[in-house]
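Per-entry structural report
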Amino acid sequence: MTDVASRIAANRGAIVRNQAFWGVIAIVLLLAINVIKDPGYLAIGYNDETGHLSGNLIDILRASAPILMIAVGMCLVVATSGIDLSVGSIMVVAGAVSMELLRGMDGTAGNAALTLAIALGIATALGAVNGILVSVVGLQPFISTLVMMLAGRGIAKVITGGQNTTADNDSFAWLANGYVVGIPVVFLLSMAIVALVWVLVRRSALGLMLEAIGMDSRASRLAGVKRRSLQLTVYSASGLLAGVAGVFATASVMTVDVSRTGYQLELDAILAVVIGGTSLAGGKFSIGGAVIGGLLIATLDKTVVFLGVPASATPAFKAIVIVVLCLLQSERVRNLFRNRRALRAQSQKEVVPA
Amino acid sequence: MRSIPRVARAFAVTGALALGLAACGGGDDDTASGDGGGEGGDEIVTVGFVAVGPEGGWRQANEANVQDTFTEEAGFELKYAPATNLDQRSQIDAFTSFVDEGVDVILLSATEGAGWEDSLRRAQEAEIPVILVDRGIEPDDTSLYVTRIAPDNYEVSTSVAEWAVSAFPDGGNYFVLEGPAGVSVVNERNRGWDDTVGAVPNLVKVGAQTANWSTEEAKSVFETVLRANNNDIQIVFAQNDEMGLGAAIAVEEAGLTPGVDVQIATIDGTKPALEALAEGRLSFVAEYNPLFGETLLEVVDKVLNGEEVEPYIVVPSETFDSPEAAAAALPDRKY
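None of these values were measured; they are calculated from a predicted model.

1. Considerations on the overall build of chain B
- Scanning chain B from terminus to terminus reveals 11 helices and 12 strands.
- By the burial criterion, 47% of the 335 residues in chain B qualify as buried.
- Excluding contacts between residues fewer than 6 apart, the proportion of contacts in chain B whose partners are at least 24 apart in sequence is 75%.

Set out below in structure tokens:
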């Protein structure tokens, strides 16, 4: 026990400097605020009517699933010092493809699987277009994915004829709304995907190679890293993950809303990645951090509703939380506080002998 | 000598520009002849429609109806300019370019109420009449536009409120799912509801949140609201159909029965909502009639002939308060 405590004390500096740590603190604080409002907030109950676990924490986990998917994809792209602004639009394309296909089909599980494969395939293809524009053509990631961001929503509108399409398929809806032994499927799936990505990049040299591209793409090439194919892979993966997020988002209500599904979620993804301690300059990434960032955003969204913050004040409330978090994460701001404390201690010492 | 190719290149660029301008000029000529025609009465009248674009079933029906009314056979050329992702900036750009083109009349469905003064003044200087379709502007300065044609949001939401009062004589807790904050529709629908329900002390407001007109967000918002209030909510006032359907899903997932434990009232009256009402998942649907292309056409004709029109023309709307009423209306529902 004391051993653990002393080790934590020794590593305190490192823990405080770890940006994801502040994300965890923020989540805990937000949950604490909710608990103050309602002491039963954290309780997870068993719902007899529906036969699965229910509670605010479960809701947060479910709501975080799409954000986790795009945040992990974004994290990999950012590691190569790129950025993917198109994830929100790829989400809506995947959603539009699934709803449009399912509308014309019977509600069988086979059709759901087929639809899922086609939707994810198209999402991956759109991601690959980003990848080709960036790696082969050599366009700036910001511009190429911005083009895809604008084009994607247009494509979705063409697919659905500009309407919000609704479909019925229980197997497909199960992906987002179902439960396995009381735990939401959508959360299990997203955790499994995150774990898979983590193993792929961190248990092999892949992650290091991505970071090498992000640090110095020429040097990495000289060192034998295949920049082009890796960039292509990373953008395709980001597209695929955005497709999964789009499926999650639309399957939960079985409706695609061409102007709202995934709208501005690329910003949430970037935010999650940054909160998790991944530098937008590239060369360094943390998937665990992105997961914490994603959970924080979901917690924040749910907290706003739980507290009943007036609709007009919601954006300001979120902005304040995020600004405070970023300030806490900033080394310079923390040093400022530390110096002031040190100065005050010093001046007190000087006062004593006098 | 080396400068000569550069000069030649410059000429080439200038030439290309001139061609481009000529092309634009050609376009202008077309509209100009359209202009003359508008006054003559027989030629094609150009109508610029600054529209909202994909937003939901209601908007879809409304804009399709306008597009079907102002056809070439009817003597109109309709220029349809939907907003990009409900962005007001893109609407102002479209509006300005219609003014510069010199269309005969502009139809405007503003995504946001505020911030239209400058654009409307420009249209006024260019002597182009502007007719507001559905959405109003804020502040509501009637000197800036010719007329507004819309179902009355205030009346429609009052009808929902009256239903709530009569359906819950013993009172209950209610929650409001709003559209985006600051939009004039939201303000008007809130006012209509609050003026009636606010006077009834046993109907208690638990809260209000925006779900941005979206099913997905409404589901997520309402599941949390149910938890925050231990499922103790009897009435939901959803300001559009999509949000009402999202709330119904959230109610079902909480293990409650919509229509029994929680009664949901929505505004718009689209087909999916009436189907849900017929199944009993929604409890009340107030129509916000989108099919007023004919009225609009008459008004445009009057305005172009220089006749006076009322500053606000109300389109009549129906309400559906039972599964039977919904089932009866469904077969010939157009949207």
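2. Focus on the sheet that holds strand S2 (residues 76-82) of chain B
Residues and elements named next belong to chain B.
- Pairing in this open sheet of six strands is parallel, and the strands run S2-S1-S3-S4-S5-S11 from one edge to the other. Each having just a single partner strand, S2 and strand S11 (312-315) make up the two edges of the open sheet. When the angles between neighbouring strand axes are averaged without regard to direction, this sheet yields 20°.
- As defined by bridge partners, strand S3 (residues 105-108) adjoins strand S4 (residues 130-133) across three bridges and the pair is classed as parallel. Paired with Leu108 across the bridge in S4 is Leu132.
- Its contacts with the sheet place helix H10 (residues 293-304) against strand S1 (45-51), S3, S4, strand S5 (147-151) and S11, and it is angled at close to 170° to S5.

3. Digging into the interface of chain A and chain B
- Each side of the interface is counted separately: chain A has 30 residues, and chain B has 32 residues.
- Counting residues per element, the ones that place at least two in the side of chain A that touches chain B are helix H4 (56-79), helix H7 (141-160) and helix H14 (287-307) of chain A.

4. Concerning unusual backbone geometry
All names here are of chain B.
- Across the junction of Glu138 and Pro139, the peptide omega takes the value -10°, indicating a cis bond.
- You can see Pro139 is positioned in the loop between S4 and S5.
- In this model, Asn230 sits at a positive phi of 50°, which is unusual for a non-glycine residue.
- Looking at where Asn230 falls in the secondary structure, it is placed in the loop between helix H7 (215-228) and strand S8 (235-238).

5. Things to note about the domain arrangement of chain A
Residue and element names in this part refer to chain A.
- Taken as a whole, chain A is organised into domain 1 (15-308) and domain 2 (314-347).
- Averaged C-alpha coordinates put domain 1 and domain 2 at centres separated by 30 Å.
- Taken together, the contact between domain 1 and domain 2 spans eight residues of the former and nine residues of the latter.
- Going through the elements one at a time, helix H3 (19-37), helix H13 (265-275) and H14 are the ones with two or more residues in the side of domain 1 that touches domain 2.
- At three residues, H3 tops the list of elements feeding residues into the side of domain 1 that touches domain 2.
- Classifying every residue of the side of domain 1 that touches domain 2 gives six nonpolar, one polar and one charged.

6. Re the domain arrangement of chain B
Residue and element names in this part refer to chain B.
- Its domain assignment divides chain B into domain 1 (42-150 + 290-315) and domain 2 (153-288 + 319-332).
- Here the C-alpha centre of domain 2 lies 30 Å away from the C-alpha centre of domain 1.
- Listed as interface residues are 10 residues of domain 1 and, on the opposing side, 13 residues of domain 2.
- Here the residues of the side of domain 1 that touches domain 2 are counted per class, giving two nonpolar, four polar and four charged.

7. What to know about the UniProt feature "domain: Periplasmic binding protein" (unreviewed entry) in chain B
- Residues annotated in UniProt with the feature "domain: Periplasmic binding protein" (unreviewed entry) correspond here to residues 48-308 of chain B.
- Taken as a whole, residues 48-308 of chain B contains 43% helix and 20% strand, while its terminal C-alpha atoms sit 21 Å from one another.

8. Quick notes on the pairing of strand S10 (residues 284-287) of chain B
Residues and elements named next belong to chain B.
- The alternating pattern of S10 places Phe284 and Ala286 on one face and Val285 and Glu287 on the opposite face, and all of these are buried.
- In this sheet, S10 lies alongside strand S9 (residues 263-268) in parallel orientation, the contact comprising four bridges. Within S10, the position partnered with Ile267 by the bridge is Ala286.
- Note that the unit made of S9, helix H9 (residues 271-279) and S10 has a crossover that is right-handed.
- Summarising the sheet, S10 and strand S12 (residues 319-320) pair through two bridges and their orientation is antiparallel. Bridging from a neighbouring strand, Ala286 pairs with Thr319 of S12.

9. Observations concerning the confidence of the model for chain B
Residue and element names in this part refer to chain B.
- Mean pLDDT for chain B: 85, with 87% of residues reaching 70 or above.
- S8 holds the highest mean pLDDT among the elements of chain B, 96, whereas helix H1 (residues 3-40) holds the lowest, 45.
- Reported for the predicted complex are a pTM of 0.81 and an ipTM of 0.84.

10. A closer look at the UniProt feature "transmembrane region" (unreviewed entry) in chain A
Residues and elements named next belong to chain A.
- As recorded in UniProt, the feature "transmembrane region" (unreviewed entry) lies at residues 20-36, 57-79, 85-102, 114-136, 172-201, 234-258, 270-298 and 304-328.
- In residues 57-79, helix accounts for 100% and strand for 0%; the two terminal C-alpha atoms are 30 Å from one another.
- End C-alpha atoms of residues 172-201 are separated by 29 Å, and the span's content is 77% helix alongside 13% strand.

11. Here's the deal with the packing of helix H9 (residues 185-202) of chain A against helix H10 (residues 206-215) of chain A
Residue and element names in this part refer to chain A.
- Interaxial distance between H9 and H10 falls to 5 Å at its minimum, and their mutual angle equals 75°. Considering their axes alone, H9 and H10 lie roughly perpendicular with respect to each other. Side by side, H9 and H10 meet where Leu200, Val201 and Arg202 of the first sit next to Leu206, Gly207 and Leu210 of the second.

12. Points about the pairing of strand S6 (residues 172-178) of chain B
All names here are of chain B.
- Most of S6 sits inside the fold, with five of its seven residues counted as buried.
- Following the chain from S6 across helix H6 (residues 184-197) to the adjacent parallel strand S7 (residues 203-210), one finds a crossover that is right-handed.
- Alignment of S6 against S8, held across four bridges, turns out to be parallel. Residue pairing across strands places Phe175 opposite Val236, the latter belonging to S8.

13. Quick look at the packing of H10 of chain A against helix H12 (residues 227-251) of chain A
Residue and element names in this part refer to chain A.
- Running from N to C, H10 and H12 cross one another at 105°; their axes reach a closest spacing of 11 Å. The angle between H10 and H12 places the two elements in the roughly perpendicular class. Residues Met209, Leu210 and Ile213 of H10 touch H12, and the partners they reach there are Arg227, Leu230, Gln231 and Val234.

14. Observations regarding the nonpolar core
- In terms of nonpolar packing, the biggest core is built from 153 residues, with Ile70, Ala71, Cys75 and Val93 of chain A together with Val236 and Ala247 of chain B touching the most fellow members.
- Ranked by residues supplied to this core, first place goes to H4 of chain A with 17 residues.
- For Ala71 of chain A, the residues in contact, after removing those within four places along its chain, are Ala269, Ala272, Val273, Ala290, Gly293 and Gly294 of chain A.
- With 38 residues, the next largest nonpolar core counts Ala83, Leu86, Val133 and Phe292 of chain B among its residues.

15. Examining helix H5 (residues 87-103) of chain A
- The terminal C-alpha atoms of H5 of chain A, which comprises 17 residues, lie 24 Å apart, in line with the 24 Å expected from a rise of 1.5 Å per residue.
- Counting buried positions along H5 of chain A gives 15 out of 17 residues, so the element sits mostly inside the fold.

Definitions and limits used
Residue indices begin from 1 for each chain and proceed along its sequence in written order. Ligands are numbered from 1 and chains lettered from A, in the order in which they are written. Whole-chain, interface and lining totals are the exception, using all residues; otherwise, since this is a predicted model, local features are given only for residues with pLDDT of at least 70 and side-chain atom pairs are given and counted only at 80 or more. What counts as a helix is a DSSP run of H or I of at least four residues, what counts as a strand is a run of E of at least two, and both are numbered from the N terminus. With C-beta atoms placed from the backbone, the exposure class of a residue follows from how many other C-beta atoms lie within 10 Å of its own: 20 or more, buried; 12 or fewer, exposed; in between, partly exposed. Contacts are defined on C-beta atoms placed from the backbone: any two residues whose C-beta positions lie within 7 Å are in contact. What makes two strands pair is DSSP finding at least two bridges between them. The convention used is that axes are lines fitted to C-alpha atoms, helices contributing only their stretch in contact, and that angles between N-to-C directions extend from 0 to 180 degrees. A domain assignment, automatic or from a database, supplies the domain bounds used here. Classes in brief: Ala, Val, Leu, Ile, Met, Phe, Trp, Tyr, Cys and Pro nonpolar; Asp, Glu, Lys and Arg charged; the others, Gly included, polar. UniProt positions are given in the numbering used here, feature names are shortened, and annotations may be inferred rather than shown by experiment. Look down the strands so they point away from you; if the path from the first strand over the helix to the second goes clockwise, the crossover is right-handed. Values of pLDDT, which run from 0 to 100, indicate the predictor's confidence residue by residue. Should an angle fall under 35 degrees it is called roughly parallel, over 145 degrees roughly antiparallel, and 65 to 115 degrees roughly perpendicular, with every other angle called oblique. As used here, a nonpolar core is made of buried Ala, Val, Leu, Ile, Met, Phe, Trp, Tyr and Cys residues. They are joined through C-beta atoms within 7 Å. By this rule, a helix spans an expected 1.5 Å times one less than how many residues it contains.

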